[in-house]
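Inside the fold
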Protein chains: 6
Amino acid sequence: MYKPQATYKVPGFSGIRTFMHLPYITNDLENVDFAVIGVPFDTGASHAVGTRFGPSAIREMSQRIRGVNPALDIDIFEFMSGIDYGDLLVHPGYIEYSYEAIEEQLTPIFEKNIIPILLGGDHSISLPHLRAAAKKYGPVSLVHFDAHSDTWRSSDPRKKYSHGNMFSLAVDEGIVDPYSSIQMGMRGSGPNPNLESSIELGYEVLSTDDVKKLPIIELCEKVKNRVGTKPVFLTFDVDFLDPIYAPGTGTPEAGGFTTYEAIQMIRGIAGINIIGFDIVETLPDRDQTNLTALHAANIIFQVLSIIAKKKSLEVSLQL
Amino acid sequence: MYKPQATYKVPGFSGIRTFMHLPYITNDLENVDFAVIGVPFDTGASHAVGTRFGPSAIREMSQRIRGVNPALDIDIFEFMSGIDYGDLLVHPGYIEYSYEAIEEQLTPIFEKNIIPILLGGDHSISLPHLRAAAKKYGPVSLVHFDAHSDTWRSSDPRKKYSHGNMFSLAVDEGIVDPYSSIQMGMRGSGPNPNLESSIELGYEVLSTDDVKKLPIIELCEKVKNRVGTKPVFLTFDVDFLDPIYAPGTGTPEAGGFTTYEAIQMIRGIAGINIIGFDIVETLPDRDQTNLTALHAANIIFQVLSIIAKKKSLEVSLQL
Amino acid sequence: MYKPQATYKVPGFSGIRTFMHLPYITNDLENVDFAVIGVPFDTGASHAVGTRFGPSAIREMSQRIRGVNPALDIDIFEFMSGIDYGDLLVHPGYIEYSYEAIEEQLTPIFEKNIIPILLGGDHSISLPHLRAAAKKYGPVSLVHFDAHSDTWRSSDPRKKYSHGNMFSLAVDEGIVDPYSSIQMGMRGSGPNPNLESSIELGYEVLSTDDVKKLPIIELCEKVKNRVGTKPVFLTFDVDFLDPIYAPGTGTPEAGGFTTYEAIQMIRGIAGINIIGFDIVETLPDRDQTNLTALHAANIIFQVLSIIAKKKSLEVSLQL
Amino acid sequence: MYKPQATYKVPGFSGIRTFMHLPYITNDLENVDFAVIGVPFDTGASHAVGTRFGPSAIREMSQRIRGVNPALDIDIFEFMSGIDYGDLLVHPGYIEYSYEAIEEQLTPIFEKNIIPILLGGDHSISLPHLRAAAKKYGPVSLVHFDAHSDTWRSSDPRKKYSHGNMFSLAVDEGIVDPYSSIQMGMRGSGPNPNLESSIELGYEVLSTDDVKKLPIIELCEKVKNRVGTKPVFLTFDVDFLDPIYAPGTGTPEAGGFTTYEAIQMIRGIAGINIIGFDIVETLPDRDQTNLTALHAANIIFQVLSIIAKKKSLEVSLQL
Amino acid sequence: MYKPQATYKVPGFSGIRTFMHLPYITNDLENVDFAVIGVPFDTGASHAVGTRFGPSAIREMSQRIRGVNPALDIDIFEFMSGIDYGDLLVHPGYIEYSYEAIEEQLTPIFEKNIIPILLGGDHSISLPHLRAAAKKYGPVSLVHFDAHSDTWRSSDPRKKYSHGNMFSLAVDEGIVDPYSSIQMGMRGSGPNPNLESSIELGYEVLSTDDVKKLPIIELCEKVKNRVGTKPVFLTFDVDFLDPIYAPGTGTPEAGGFTTYEAIQMIRGIAGINIIGFDIVETLPDRDQTNLTALHAANIIFQVLSIIAKKKSLEVSLQL
Amino acid sequence: MYKPQATYKVPGFSGIRTFMHLPYITNDLENVDFAVIGVPFDTGASHAVGTRFGPSAIREMSQRIRGVNPALDIDIFEFMSGIDYGDLLVHPGYIEYSYEAIEEQLTPIFEKNIIPILLGGDHSISLPHLRAAAKKYGPVSLVHFDAHSDTWRSSDPRKKYSHGNMFSLAVDEGIVDPYSSIQMGMRGSGPNPNLESSIELGYEVLSTDDVKKLPIIELCEKVKNRVGTKPVFLTFDVDFLDPIYAPGTGTPEAGGFTTYEAIQMIRGIAGINIIGFDIVETLPDRDQTNLTALHAANIIFQVLSIIAKKKSLEVSLQL
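Scoring rules and cut-offs
Residues numbered from 1 in each chain as written. Chains lettered and ligands numbered in written order. Predicted model: local features only at pLDDT ≥ 70, side-chain atom pairs only at ≥ 80, totals over all residues. Heavy atoms only, no water. UniProt positions renumbered as here; feature names shortened; annotations may be inferred. Helix = DSSP H or I, 4+ residues; strand = E, 2+ residues; numbered from the N terminus. Buried < 20%, exposed > 50% of the residue type's maximum accessible area, 1.4 Å probe, protein only. Contact = heavy atoms within 4.5 Å. Lys, Arg positive; Asp, Glu negative; His and termini not counted. Charge placed at Lys NZ, Arg CZ, Asp CG, Glu CD. Least-squares fit on C-alpha atoms with pLDDT ≥ 70 in both. Pairing = 2+ DSSP bridges. Axes fitted to C-alpha atoms, helices over the stretch in contact; angles between N-to-C directions. Buried area = accessible area lost by both parts, 1.4 Å probe. Salt bridge = Lys/Arg side-chain N within 4 Å of Asp/Glu carboxyl O. Polar contact = N/O pair within 3.5 Å; in protein donor to acceptor, adjacent residues only side chain to side chain. Nonpolar A, V, L, I, M, F, W, Y, C, P; charged D, E, K, R; others polar.

- The name recorded for chain A in an unreviewed UniProt entry is Agmatinase, from Metabacillus niabensis.
- According to its UniProt record, chain A has this under Sequence similarities (unreviewed entry): "Belongs to the arginase family. Agmatinase subfamily."

What follows is the structure in structure tokens.
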């Protein structure tokens, strides 16, 4: 069982920066339930760029997070063994080469039934992440928090990939099942603001206005009903949050969500069957107060908590 | 028809910084519906100063805004032709000289039925803006979003003008009709906190507490009823927003509004007859994350959207 | 009667930085109702450190605050005389020595029936503050806004004191009466997240989730009922606020309160018998936009307003 | 005798912010040798603006400066009594009104033979400063460190004053004697780069290139020869320094001087008869690291040191 | 004749941001001597990334630069006509596609004998810049200021291009003549620190230590002798400067040059036959004080000055 | 042999942050020549505080440093095996407890003949570092780069320790031999500016002015002669550098050294027998551009280079 090395006797500010002071393990993957993995790749970014420093920043700001989540009454490491796996090797400037490398490096993680917790990086890393997931699980259900649907269609054949179109490509490739998937939080004035391309692909889509009108508990019921017991690929773009909560990102959109709302939403979907997670688009050079990274770390903590909660319920059912 | 020069083929970060990539036009004002105009004047500021750099900052942060507003189901440039007119010539350090210059330069804009979209600058630029407007329209109705009523009375005859008293002067000069005008969002501890001077002048005034108690839809009805079909001068001081949404301003007041609320309010007053607009008090040197400028640009986008929406309805009525 | 020296004729940005432009008085304490006092001590900090610069930052950001609070319809200095007493002498690096010095310097303040308004410094300064208060008043009732309960128990006898355990020590020392005390806003994943230690001590404790579920008016009634007419020691840790409102602090916890909410809560408990107040954990080096200090200054303004409000009601009762 | 109140027993970071912890005195000016006085005026600024916050920033960054200057082997307060006089009342937005007020408030300082040490504010405050000085001393000799000669001629009669022309106006007004004056450090591409207007007025002018070619000791001899024993008005614009040493200023010019060079120059002119001094153009909103203010405070320390050094020599001559 | 539109009557802070207030011209290239052109491309960056915002930042910080260079006694626009051409269309994330686009767009500039003044972007834009230059001039002489030689050899055939190897590729392609070229300022510990690959290619290479040992006048003679009258491609990576002068860059190396030194070096090579220039690697997100952009703008000003100086001498020779 | 794990195939920005990508090893100390060790302790700080985050910041900024130092023609890892040992356990707020812990944890490092490379932390960590060193080597020779001599004498028996007096305590304790020790770079106005206490203790002391007057090569000879072949404890306070090179520190003193000068000085003392090294006082919260940490990392690189150079010469002598 791997768990954070810092105890209350060791100050939070002390030590080599792994996520939540987890042990840095790359060779021994037995008995590991989740692996936090950095993917410092940002060549898919369309506007501000620099999320290659996101994994480092999130690790730095995760120092004070401990394993107990009182709102869910769960101690994560009572039910799960987790590691920091370090960063994947990527090739800045080379998109396809990097996607191949990411997929290849993630494949053994999925094979060992480890849940990857990816620290982006730009959102396009979800594409190779999904490719690796689908090799294990077949087409997965997407639960997607974001200000953008990322289902844009490139009109230039020389520019196939970007962080704006991977969720249309994923449907094209058959690695996401849009009919059990849901996208939430879309807003702004950019490409695809009316969300037609997502709807045509089969996704359920809720704009920011749609989400704001729903009580959080109803929103979460909608998500849980949509995905059922299918394997869920959970992806969280920090620009889902309002720009004041996530200034450190490349394509902020005014008028988003508070972290309190986001935390309630994550907690509210406890019970779904998460097989992979990534949190993307943290851009430290635009995160002067480090709050984007702090909030990204906290979202991961909530996700780990609901995965552990599900395990704890399964354990108690077995007893 | 003038419209943004950047299409989705041109990256948002590319090109000379005009507002929303609009063409920079100063000589050909035919067939122009609105003109974005910088007024880099800040000598009227009473506390922190530097809004002379506001126009440049707002243009910089408007890059990613495109013309489609899904919430209102409108494509701005389907119904309007717009330009960036550059900046007016002002005289830093010289208030009266600058007011004369601003009024003189805005007069031909109003004469051509172009709606000026002014980028401040300190809020006192509304006075020459109103003077030019009234030459065309007579006394106008003020719709005013701000943390301060700006109806202070100077007690020193050698200091006639500041950004704290132009809306009492405007009533004195007969260029604003207070009885069809409304001020919203006042709070804080500064001069005139109890708002007597505004009420005496004839304005309707809603403090922040008053506004927070009203559902936004009711607030918007109140505004629309107050102004009716009269020509409306819309003015938005970024300190209406909570300081965390608009840190880059000179007189922030704790406990204000979210951008989501402000956006809903602007959308909710669609239908009023806007003849001039200014957004003021963006102070880039205190806007470390550039979010104040981002939010100012977004508010302008919402205002342009409701103007276009009104046009679209008029067009459909004509059909 | 001491009151702010700046009038509307003197610009807010002008002058030596005392809190709200109050006179800087250290020798003549007759006829003083409250004294703003800096305590630049931070050796008790467990994570980020540097609140020794908090008093200076709060004074700097208090410049624009005037004495009138329209929401409570009160002019503070009509009912109270106040001073800025400067900073207490502390000994950085030496906890016990500093606590002794703080207690000793505060004792004559309490003896003269002056309400100390302390500018922290780390939260552990509440311990000597309470010791001095209890010498005058006996065990006091704690009203405590914070993300952390600070009732942790040190397991290492060589590390008795920190900013995480003074409210358990205060009960041990008999200087706080937990059964008429309340703690509000607890959240996060750190030590004592489930708040057992507070509950065992006798405190009433409301987590952030508990508070969010209550209408503010009900929360305030609960506080007022809990403390009754007993002497109240009010303590406000800026991390009660969401990190976006208080980035400049050492142990921020995602998902907190807005300043608007906090202001409403302070106003809502008007009537309680405040005998001492401190606002702590403002860390200027992490407060790039100075908003934490601005908000701390505003919270103090609200607290002074409710103290004055109580006085004004007492005065009117006497008439 | 007034001297800094903090001793080594009081931490530098503690206390109300006066310059170097000097006592804040406004009413008792007997036995005062120098008075540090803030002039928070910036309406004369032609480009970036905000030096009204300069006095506060310089005071903040002067905290760690003590009275001993080992390089000159002098303890300032052994030979001089000094105070912090607070800030002058100015009228933001109103140039002539402010100049009148500044002159009037400085006149009694000069009358009492106190040397004013002014903290700017924009450089145009030197004009009323000189007017007050000349009332006491007649035309004075200017020793001027700056990247700009500030002898521009306004071509617009409605804009008589700015921070770019006060040293031509001062000659016009007969309050500076240009033939015993010297300007050093001019560079850049702005108005008057070839310095003709200064030369025509009678000033000796040394460009940055001229200064860099001279050994510092020779430069200082040149200055001392130029001014002889005449009353000297010393003025230091922080943009004399290279922008990396003084980023917080409104019109930085690449390729300037290090602080080490500037310190050597000040020390090197010890012996001149300084009757007034101002250090100007510190703009805190562009001084993210506070180094401009730190350096301004240090330059003042060097100036105080050479004034004290002269006094110490006079004292020893008398013995 | 095109020249800056702002005169001393227009404040430097006013107007749409073109370089030095030059007219923004894209269609009429007759009688143009130089064109300032942004190349917002950064996909070649190996470490920190974001120079796509470099052109905008340099334009912003060029506002106060006027046309007169007193050190060279030249008024640029007396001898040259210049424009701001805006930005080239590039394809973020796609290196080869972007290089083709850049080359194609620059070709007509060279054909019209216009000197391109490129604002990077990462340094790899020099490769398509050189390709376009060589179509006009054949192999050119490189004069290269940089902390890195950028003659690294990629060992991975899937990663042919980066900002670390374009000057070896340029020799391979025959578009640079290394034997009349010189590289200056190399330092650090990265790939190729001993500079073997440059020397093997035929370049003359001077490390930072080599340069520091030479008087600037000798260094400039060495450069002028090396290139003679051949067409010179001048390229300036801002990391040639010490990191304190250019913090806003992706691969800073401690221990570099001051801007004063760099300015002297540029002035000292006046007389060489510059046919193209680029200044690269300005990364605004890491340039908190904007000094990197200010310095980049100043270096361009010096380069324009020496080009104009050469023209002025040719004109006077003709008379 | 341990050496950096990143090769040129792995981007510098990738991976868990150890110093220079060295392996993170805590259990196997055989065949280790040097160990980089963080000491996140800052309770000894007298002014600004927060160097507990220094180790993390230095590691972050060391990413791009590779093992080859061309100026010394040395490849560090050809001659040395090095690790990152992580951070020592310290007790924030408790000075003596922490010193005991530091000494105890360093003792086995010295016992294994490993050279500790300590990342501070405030400068007072040198005291337990010296205590551990002296247990192995007896009294050592101090080579000390700093703006302060740190030989102040505490006059308060309750405050025995601070970062201002450890080098007088070290002489008192007999763990430093002052007569073979040297202190360089002292300046400022603080306690002990005339350096009497150091001289009395037996140290050789060179003020900043003394150092600036010496050619670097002579300075280095002086150091080498002073220490001879004795075991040298090298300590580098980043405030030795000018504040513009090291803004991120707690007690900056204007008028210091460039990094270029510091690098030359380190290289120049190659050959001395370094048995321990610490670099202290990096305060990330005041290091907005991260240059202090970058420069600290580079100084370490130079120190490692001269240690390796000495080894290489010893190896070649043996051959």
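So, next bit.
Section: the overall build of chain A
- Along the backbone of chain A there are 10 helices and 10 strands.
- Burial analysis of chain A (319 residues in total) assigns 71% to the buried set.
- A separation threshold of at least 6 residues defines the contact pool for chain A, and within that pool the share at least 24 residues apart is 77%.
- Averaging the coordinates of the 27 positive side-chain charges in chain A and doing the same for the 39 negative ones gives two points 4 Å apart.

Topic: the relation of the copies chain B and chain A
- With an RMSD of 0.0 Å, the operation that places chain B on chain A is a rotation of 120° combined with a shift of 0.0 Å along the axis. In short, the pair behaves as if placed about a three-fold rotation axis. Across chain B, the rotation axis passes nearest the C-alpha of isoleucine 244 of chain B, at a separation of 4.0 Å.
- Comparing interface residues between copies, only 8% of those in chain B also lie at the interface in chain A; the contact surfaces differ.

Focus on the sheet that holds strand 9 (residues 231–237) of chain F
All names here are of chain F.
- Strand order in the open sheet made by the eight strands is 4-1-5-10-9-6-7-8, with parallel pairing throughout. At either margin of the open sheet sits one strand with a lone partner, and together these are strand 4 (82–87) and strand 8 (204–207). Between one strand and the next, the sheet's axes are offset by a mean angle of 15°, whatever the strand orientation.
- Of the strand pairs in this sheet, strand 6 (residues 141–145) and strand 9 are connected by five bridges, and their pairing is parallel. Pairing of valine 143 across the sheet is with leucine 234, part of strand 9.
- Helix 8 (residues 216–227) contacts strand 6, strand 7 (182–186), strand 8 and strand 9 of the sheet and is inclined by roughly 150° relative to strand 7.
- Strands in contact with helix 10 (residues 291–318) are strand 1 (34–39), strand 5 (115–120), strand 9 and strand 10 (273–280); relative to strand 10, the strand with the most contacts, it is inclined by about 175°.

A word on unusual backbone geometry
- Cis rather than trans, the peptide bond between glycine 120 of chain E and glycine 121 of chain E has omega equal to 5°.
- Position of glycine 121 of chain E relative to the elements: it lies in the loop between strand 5 (115–120) and helix 4 (126–137).
- Of note in this structure, methionine 20 of chain C is not a glycine but carries a positive phi near 55°.
- Considering the arrangement of structural elements, one finds methionine 20 of chain C in the segment before strand 1 (34–39).
- Assessed through its relative accessible area of 0%, methionine 20 of chain C is described here as buried.
- Phi at aspartate 150 of chain C takes a positive value of approximately 55°, unusual for a residue other than glycine.

Structural notes on the interface of chain B and chain A
- The interface of chain B with chain A comprises 26 residues on the first partner and 26 residues on the second.
- Both faces considered, chain B and chain A share a buried interface measuring about 2000 Å² in area, 61% of it formed by carbon and sulfur atoms.
- A salt bridge links arginine 267 of chain B to aspartate 209 of chain A; its shortest N-O distance comes to 3.4 Å.
- There are six residue pairs in polar contact (both at pLDDT 80 or more) connecting chain B and chain A.
- Residue composition of the side of chain B that touches chain A, grouped by class: 13 nonpolar, eight polar and five charged.

A closer look at the relation of the copies chain A and chain E
- Screw-axis analysis of chain A against chain E gives a translation of 0.0 Å along the axis, an RMSD of 0.0 Å, and a rotation angle of 180°. In short, the pair behaves as if placed about a two-fold rotation axis.
- The share of interface residues of chain A whose copies in chain E are also at the interface is 100%, consistent with both copies meeting through the same surface.

Considering the interface of chain A and chain E
- Across the contact, 25 residues belong to chain A and 25 residues belong to chain E.
- Taken together, both faces of the contact between chain A and chain E bury some 2200 Å²; the carbon and sulfur share is 46%.
- Run the count over chain A and chain E and you get four salt bridges.
- With a closest N to O distance of 2.9 Å, aspartate 285 of chain A and arginine 286 of chain E form a salt bridge.
- Along the contact surface separating chain A from chain E lie 16 residue pairs in polar contact (both at pLDDT 80 or more).
- Within the side of chain A that touches chain E, the residues separate by chemical class into nine nonpolar, six polar and 10 charged.

Thoughts on the pattern of salt bridges
- Throughout the structure, instances matching the rule amount to 108 salt bridges over all chains.
- Residues arginine 131 of chain A and glutamate 173 of chain A are paired through a salt bridge, measuring 2.7 Å at the closest nitrogen-oxygen approach. Pair noted here: arginine 131 of chain A is in helix 4 (residues 126–137) and glutamate 173 of chain A is in the loop between helix 5 (166–172) and strand 7 (182–186), with a separation of 42 residues, a long-range link.
- Classification of arginine 131 of chain A as buried rests on a relative accessible area of 16%.
- The exposure class assigned to glutamate 173 of chain A is partly exposed, which follows from its relative accessible area of 34%.
- Its salt-bridge partner being aspartate 42 of chain C, residue arginine 52 of chain C comes within 3.0 Å of it at the nearest N-O pair. Here arginine 52 of chain C, found in the loop between strand 1 and helix 1 (54–61), pairs with aspartate 42 of chain C, found in the loop between strand 1 and helix 1; they are 10 residues apart in sequence, far enough to count as distant.
- Overall, aspartate 42 of chain C belongs to the buried group, its relative accessible area being 2%.
- Shared partners join several salt bridges into a network, and the residues in it are Arg59, Asp84 and Asp87 of chain A.

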